[in-house]
Structure formats: C-alpha cells, structure tokens
Amino acid sequence: MAENSNIEWTHHTFNPWEGCQKVGPGCDNCYAEARDIRFTGGTHWGPGSPRRRTSAANWRKPLAWDRAAALAGERHRVFCASLADVFDNAVDPAWREDLWRLIETTPNLDWMLLTKRPGNIAKMLPPSWGAGWHNVWLGCTVVNQAEADRDIPKLLAVPAAIRFLSMEPLLGPVDLAQATRRVLRHQSYLNLNLHLVIVGGESGPGARPMHPDWARSLRDQCQAAGVAFFFKQWGEWAPVEKLLPSQPGDLTYWPDGSFGKGNCNDNGGVGRSLRRVAKKAAGRLLDGREWSQMPYPQKGEL
C-alpha cells in the first residue's frame, strides 16, 4: 500500500519539522526519539529542545505527489509528522501556517494529521477551517482506556471530514463506547463519528506485548459500528498456536486479558503463548486475514 512510506496505512510520509517530547506511556519506546538520539544526540527531543524545520526540497515533495495523484485520478494519503507532532506547543506557529498553505495547494492528497495532543487542535487550526477541510483527516493516538476516556472526547469536539484513532502500541483493552458516552450522551455507539481505527502492537527494543483479545475486541467494535478497521501489525510479539509456552522467553496470555505463567490462571482459563519473533515474522494477520479497511479505499485496498 505504501508508495513512499514504510507505514502500511499511508502512501507517503511527510515531516515538515522534526522533534517532540514524551507525553504518555505510548511514548516510552519512541522510534522517533531513538532516531534523533542516533543522528543528533537528542538535540530536538524533550522539553525546551528546539524543533528542526526540514529542507525546502522536502517541502516540495507533496506538490509532486499531488500532481501524480491527479494524473492517476486517485486520492493519496499523506501521514504528516511521523517524527514530530503538528499540534506541538514548541513548534513555531509560522511553520504551522506554512503547512496549512501547503495542504490547501494539494487538493488531491488526504493529509492524516495524527497527534498526541488533541486538546491543542482547535486553537491551532487555520481561520478558514469551518466544518473541516475536505482533505484533512484528524486523528489522535490512544493506547489504553485512560487515554481513550481523556482524548477521544477532545477529538470528537473538533469538526473534521474524517476522524481516526491510531491505537499503537496498544497497551490494554479499550471500550470505545465508554470513551464516547461523555460526549454523546444517550446516543448509540453507531453515532460516535469516528471513521477509522488503526491497531497495532509495539515493535523495536523493549517492545511490550499486545494481548490478541484486545485487538479482536476493537475489530469487533468497529465492525458492529460500521467503522473502518486497519490492523497494522502484531509488532515484536506474535501469538503461537499452542497451549502453554514451549520456548524460553515465551509469555502466557489468558482469556481474561491478562498475562502470566503456568497452565491456568485464577479464573481457571487456559493459557496460550506469545513469542517474540520480530515484526516481519509476526506479520499482520488477525485471525487468518488482513484487515486493511479505509474510509475511502483506493484500487486494490480492502
């Protein structure tokens, strides 16, 4: 699916600037921070660290992508700021104004703006935002129920053509209906106004395991609500089709959503195995199939 990106759910990745800081448990093993430390010694990471604007040549790339999408008669998705956050307080507001102008001049691209700071979105939108720009998708990262309860209502409060969640790394079970009841009182889950949920386990050094039933639950919630569901990856840890660990380092996961050791837990459930096999080997099949749904799929997408 990705043309100029290694990220499965987008065609292109564009970084208008680089740098950020940790704001929650999902940031503990941040690949962007590790990259910045590797190449700059961590110059652009953490409170008070300056953000780095990327080159003029890099800023011209979306113009070429827009022309290519127009010639193909397609819409191409752009994940904006994989190494930063568009709605970061530490970013020069003039840079963000330049980004809005770039987005306006690329109408054949759908810009996916993913943030860990949904409370900042409304105050940082352009004056002409109105009910939302047709080519901007607003999303926030949610890794557990606490973040869902806190941040999904903030996302829903902002008008947008498309709203999405990135639930990677998924660190616990999440009830989406619970997270929306505070905003959509007495309304059904079908009215929650989310259009896409992306789910994935953690990869890289120190990756934490994702219980398979957490992912299954979110898939089932999305299917019941008519929300597109995209399963990105298992990450480092993959379920093994065997009862009990059979190799050193395997983890046992239980039907009640917990992890442990032994052949049964306090509830009498039977444990199965998770094994660290690395991202590529773990793959992205959930119950034997790929889930690659999108609100507006392109040719060849599910």
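Keep in mind that this is a model prediction, so the values were computed, not measured.

Draft legend 1. Structural view of the overall build of the protein chain. Within the protein chain, the regular secondary structure consists of 8 helices and 15 strands. In terms of overall dimensions, the protein chain is globule-like: its C-alpha atoms have a radius of gyration of 20 Å, near the 19 Å expected for 302 residues. Looking at the protein chain as a whole, 53% of its 302 residues qualify as buried. Summarising the internal contacts of the protein chain: among those between residues at least 6 apart in sequence, 77% fall at separations of at least 24.

Draft legend 2. A look at the sheet that holds strand S13 (residues 272-276). The sheet built from 4 strands is open, its strands ordered S10-S13-S11-S12 with antiparallel pairing. In this open sheet, the two strands that pair with only one neighbour each are strand S10 (237-243) and strand S12 (259-260). Two elements, strand S11 (residues 251-253) and S12, share 2 bridges in a ladder whose sense is antiparallel. The residue of S12 that forms the bridge with threonine 252 is glycine 260.

Draft legend 3. Structural view of helix H7 (residues 212-225). With 14 residues, H7 should reach 20 Å at 1.5 Å per residue; the first-to-last C-alpha distance of 20 Å fits that figure. Every buried residue of H7 is accounted for by Pro212, Trp214, Ala215, Leu218, Arg219, Gln221, Cys222 and Ala225. Phi turns positive one or two residues past the end of H7, at glycine 226, with a value near 75 degrees.

Draft legend 4. Spatial organisation of the environment of phenylalanine 259. Relative to the helices and strands, phenylalanine 259 resides in strand S12. With 13 residues separating them along the chain, phenylalanine 259 and arginine 272 place their C-alpha atoms 9.6 Å apart. With residues near it in sequence (within four places) discarded, phenylalanine 259 still touches Pro209, Met210, His211, Trp214, Thr252, Tyr253, Trp254 and Leu274.

Draft legend 5. Fine view of the pairing of strand S6 (residues 136-141). Of all the 6 residues making up S6, 6 are buried; the element is thus mostly covered by neighbouring parts of the structure. Taken together, the 5 bridges between strand S5 (residues 109-115) and S6 define a ladder with parallel strand orientation. Residue pairing across strands places leucine 114 opposite glycine 139, the latter belonging to S6. Sheet topology note: the S6/strand S7 (residues 162-167) ladder contains 5 bridges and is parallel. Residue pairing across strands places glycine 139 opposite phenylalanine 164, the latter belonging to S7.

Draft legend 6. Focus on the state of the cysteines. Following the criterion strictly, the structure yields 0 disulfides and no others. Left unpaired, cysteine 20 is separated from the closest cysteine sulfur, that of cysteine 27, by 6.8 Å. With relative accessibility at 9%, the residue cysteine 20 sits in the buried group.

Draft legend 7. Fine view of the sheet that holds S5. With respect to topology, 7 strands assemble into an open sheet ordered S1-S4-S5-S6-S7-S8-S9, the strand pairing being parallel. Bordering the open sheet on either side are strand S1 (12-14) and strand S9 (228-233), each of which pairs with just one other strand. Strand after strand, the sheet turns through a mean of 25 degrees between neighbouring axes, direction not considered. Note: S7 against strand S8 (residues 196-200), 4 bridges, orientation parallel. Pairing of leucine 165 across the sheet is with valine 197, part of S8. Sheet contacts for helix H2 (residues 56-72): S1, strand S4 (76-80) and S5; angle to S1, the most-contacted strand, approximately 155 degrees. Contacts from helix H3 (residues 93-104) reach S1, S4, S5 and S6, with the element oriented near 150 degrees to S5.

Calculation rules
- Residues numbered from 1 in each chain as written.
- Predicted model: local features only at pLDDT ≥ 70, side-chain atom pairs only at ≥ 80, totals over all residues.
- Heavy atoms only, no water.
- Helix = DSSP H or I, 4+ residues; strand = E, 2+ residues; numbered from the N terminus.
- Rg over C-alpha atoms; globule rule 2.2 N^0.38 Å.
- Buried < 20%, exposed > 50% of the residue type's maximum accessible area, 1.4 Å probe, protein only.
- Contact = heavy atoms within 4.5 Å.
- Pairing = 2+ DSSP bridges.
- Expected span 1.5 Å × (residues − 1).
- Disulfide = S-S within 2.5 Å.
- Axes fitted to C-alpha atoms, helices over the stretch in contact; angles between N-to-C directions.

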